[in-house]
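# Structural overview for review
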Amino acid sequence: MRTAFVESLLRAASENPDIWLLCGDVGYSVLEPFATKFPERYLNVGVAEQNMAGIAAGIAMSGKTVFVYSIGNFPTLRCLEQLRNDVCYHGADVKVVAVGAGYAYGSQGYTHHSLEDVGIMSMLPGIEVFVPCDPMEVCAATRLIATSGKPSYLRLSRAGEPNLGSAATDPRKLRILREGREIVIFASGPIAARALEAAGELAGHGRDVGVVSICCLKPFDDVAIRDAVRDVAFVVTLEEHVLRGGLFSLVANAFAGDAKRPPVIGMGVPEQDGKISHAGSREVLLDAACLSVQAIVARIEESLAKR
Amino acid sequence: MADILAVLYTRILRVDPADPRLAGRDRFVLSKGHAAAMLYATLAECGFFSLSELDTYCRDGSIFTGHVSHAVPGVEVSTGSLGHGLPIAIGMALAVRSAGRGARVFCLLSDGECDEGSNWEGIMFAPHHKLDNLCVIVDFNKIQSFGSVAEVLNLDPFAEKWRSFGWHVEEIDGHDLIALERVLGALPGHPDKPTVVIAHTVKGKGVSFMENKLEWHYRSPSDELLVQALAEVSA
């Protein structure tokens, strides 16, 4: 995902001389191509995210489009007030790009787990939020935000994520990864791969399960969400994030006023709630959070059995 | 601070009240956004809008909010949470330098807001990047919101701190109009270095009952006291 991002950014910056890139001393083996090609538009501001966010706002107020890049919580939570006041309130054309979504930095520990960022960033006024599930969506979202003229948040995982479907053209639209009419799993981020596996397994049990990637969490297309699941038995949301403020909250909100709404089952990461986080790969931590393929299958079977 | 703004807007800043967003203009960022009223009054005196508009200050529906608002013609940035202005000013200084138009960026800080760590991130950054088109002015009146600077969080040795971070430092009487014009008119004070002007000021200068009184960070004068205050500053 990181590579897909930087390649797309390089293309955008080649076309638009007003695109700048700032990083908070993060990006080894990722950002070098940009730094080499556009040294006059690249800045490592150091380990100082509040300053980075303010500087980005100041450059953007001078007519530029500024990408800021760092790890998970650092360019988001660490400088939240700068994003609220300096970037969003002024409508400054700043793109916050965070790498390490969810448990992507698994064994690095709790400080590097990004589990509340989507909800928090989505609350900022006027920002657009993109959570791509594969490199194709990363390319499409990067292209889009490079020209949107709006404050944006792009949440990236790490490296090596596979493409999960056919070409992603418009990241604002729902992307059907697998057709299915009995149950629909809405997923955001690379955890969509687990939704596809679960759907494949459930097909073996005679279940017709669709998987839809929702890359754009703000603005959230309530109408498209409702239209995508007419007549299904129920909807499952799957995210590498706490349920509060993330995909589940948004989908539930989209259905809130709909008398014919299907039940929505939210699957996400439980709140840490004072528990100590142990070392573990992303895969292991997701499994421990009850988000294994088996757990997804079991949850869906259980819900079907209750009907 | 009123003296600093008066010198900036009448002698130093290349800005055009008829075209506040003119490309290539100098930028002024008021980081101590709570001093909005003084900036609004200065901008009105300079013709960015009419003086009568100031009557709406803090009234329902007015653009003139108590903390400075970029809805007001001539105001570059809304601030109010301290420690935000300098990083923004640094971003502007980087951008206007790359545009090569020779514009300067001025940023006015309070002394109390130098408690904010974000300022020190910026104070470290600007000399590293040789931002000699950036000038910070500190309104050093020695009083912050809930006590004196010396009691709450002492800044001394203040000038030495800036110097050690790589700034060109000017330390002057912030009410000396000639000194203000001399240092602000001679930028950059040092090639390849940003400049900080530590302006020693007296809070409530020129009004006997306000000078150096913490309470006037909060209070509004009665009609009677207003008449007295205006008479004293006009004297």
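Counting restarts for each chain: residues are numbered from 1 in the order of the written sequence. Chains and ligands are labelled by the order in which they are written, letters from A for the one and numbers from 1 for the other. In keeping with the model being predicted, local features are shown solely for residues with a pLDDT of at least 70 and side-chain atom pairs are shown and tallied solely at 80 or more, while totals for entire chains, interfaces and linings include all residues.

### Thoughts on the interface of chain B and chain A
What counts as a contact is two residues whose backbone-derived C-beta atoms lie within 7 Å of each other. Contacts between the two partners involve 19 residues from chain B, matched on the other side by 21 residues from chain A. Of all elements in the fold, only helix 3 (85-99) and helix 4 (117-128) of chain B reach the threshold of two or more residues within the side of chain B that touches chain A. For helices the rule is a DSSP run of H or I covering at least 4 residues; for strands it is a run of E covering at least 2, with both sets numbered from the N terminus onward. By residue number, the principal contributor to the side of chain B that touches chain A is helix 3 of chain B, which donates 10 residues.

### Overview of the sheet that holds strand 9 (residues 209-213) of chain A
Residues and elements named next belong to chain A. Should DSSP find at least two bridges between two strands, the strands are regarded as paired. Strand order in the open sheet formed by five strands is 7-9-8-11-12, and the pairing between neighbours is mixed. Edge positions in the sheet fall to strand 7 (175-178) and strand 12 (264-267), since each has one partner strand and no second. The sheet shows a mean angle of 25 degrees between the axes of neighbouring strands, taken without regard to direction. The pairing of strand 11 (residues 234-239) with strand 12 spans four bridges and is parallel. From the neighbouring strand, Leu 238 faces strand 12, where its bridge partner is Met 267. Working convention: axes come from line fits to C-alpha atoms, limited for helices to the stretch in contact. Angles between N-to-C directions cover 0 to 180 degrees.

### So, the environment of Gly100(A)
Residues and elements named next belong to chain A. Locating Gly 100 in the fold gives a position in the loop between strand 4 (94-99) and helix 5 (117-122). With C-beta atoms placed from the backbone, a residue counts as buried when 20 or more other C-beta atoms lie within 10 Å of its own, as exposed when 12 or fewer do, and as partly exposed for counts between those limits. Given 25 C-beta atoms within 10 Å, Gly 100 falls into the buried group. Separated by 56 residues in sequence, Gly 100 and Leu 156 place their C-alpha atoms 6.2 Å apart. Those residues in contact with Gly 100, other than ones at most four positions away along the chain, are Ile 71, Gly 72, Tyr 105, His 112, Ser 114 and Arg 158.

### A word on the domain arrangement of chain B
An automatic or database domain assignment supplies the start and end points of every domain. According to the domain assignment, chain B contains domain 1 (2-201) and domain 2 (206-235). For domain 1 of chain B versus domain 2 of chain B, the distance between C-alpha centres works out to 24 Å.

### Things to note about the packing of helix 3 (residues 49-61) of chain A against helix 4 (residues 80-88) of chain A
Residue and element names in this part refer to chain A. Between helix 3 and helix 4, whose axes approach to 9 Å, the crossing angle comes to 10 degrees. The orientation of helix 3 relative to helix 4 falls into the category roughly parallel. Residues Gln 50, Ala 53, Gly 54, Ala 56 and Ala 57 of helix 3 form the contact with helix 4, whose participating residues are Gln 82, Leu 83, Asp 86 and Val 87. Convention used here: angles under 35 degrees read as roughly parallel, angles over 145 as roughly antiparallel, angles from 65 to 115 as roughly perpendicular, and any remaining angle as oblique.

### Notes on the pairing of strand 6 (residues 168-173) of chain B
All names here are of chain B. By the bridge criterion, six bridges tie strand 6 to strand 7 (residues 195-200) in an arrangement that is parallel. Bridging across to strand 7, Glu 171 finds its partner in Ile 198. Call a crossover right-handed when, viewed with both strands pointing away from you, the route from the first strand across the helix to the second goes clockwise. As a crossover connection, the stretch from strand 6 through helix 7 (residues 177-184) into strand 7 is right-handed.

### Digging into the confidence of the model for chain B
Residue-level confidence of the predictor is summarised by pLDDT, bounded by 0 at the bottom and 100 at the top. This prediction gives chain B a mean pLDDT of 97; 100% of its residues lie at or above 70. Interface predicted TM-score (ipTM) for the complex: 0.96; the corresponding pTM is 0.97.

### Notes on the nonpolar core
To count as a nonpolar core, a set of buried Ala, Val, Leu, Ile, Met, Phe, Trp, Tyr and Cys residues must be joined through C-beta atoms within 7 Å. In this structure, Leu22(A), Ala56(A), Val68(A), Ile185(A), Ala195(A), Ala89(B) and Ile90(B) are the most contacted members of the largest nonpolar core, which totals 158 residues. For this core, the element with the highest residue contribution is helix 3 of chain B, accounting for nine residues.

### Topic: the domain arrangement of chain A
Residues and elements named next belong to chain A. Here the domain parsing of chain A yields domain 1 (2-155) and domain 2 (175-306). Here the C-alpha centroids of domain 1 and domain 2 sit 26 Å apart. On the domain 2 side, the residues contacting the 26 residues of domain 1 number 27 residues. Contributing elements (two or more residues each) for the side of domain 1 that touches domain 2: helix 5, strand 5 (128-130) and helix 6 (135-148). At four residues, helix 5 tops the list of elements feeding residues into the side of domain 1 that touches domain 2. Of the residues contributing to the side of domain 1 that touches domain 2, the split by class is 14 nonpolar, seven polar and five charged. For this scheme, ten residues count as nonpolar: Ala, Val, Leu, Ile, Met, Phe, Trp, Tyr, Cys and Pro. Four count as charged, namely Asp, Glu, Lys and Arg, and the remainder, Gly too, count as polar.

### What about helix 8 (residues 223-234) of chain B?
Counted at 1.5 Å a residue, the expected span for helix 8 of chain B with its 12 residues is 16 Å, and the 17 Å between its end C-alpha atoms agrees. Little of helix 8 of chain B is tucked away: zero of the 12 residues are buried. By definition here, a helix of n residues has an expected span of 1.5 Å times n minus one.

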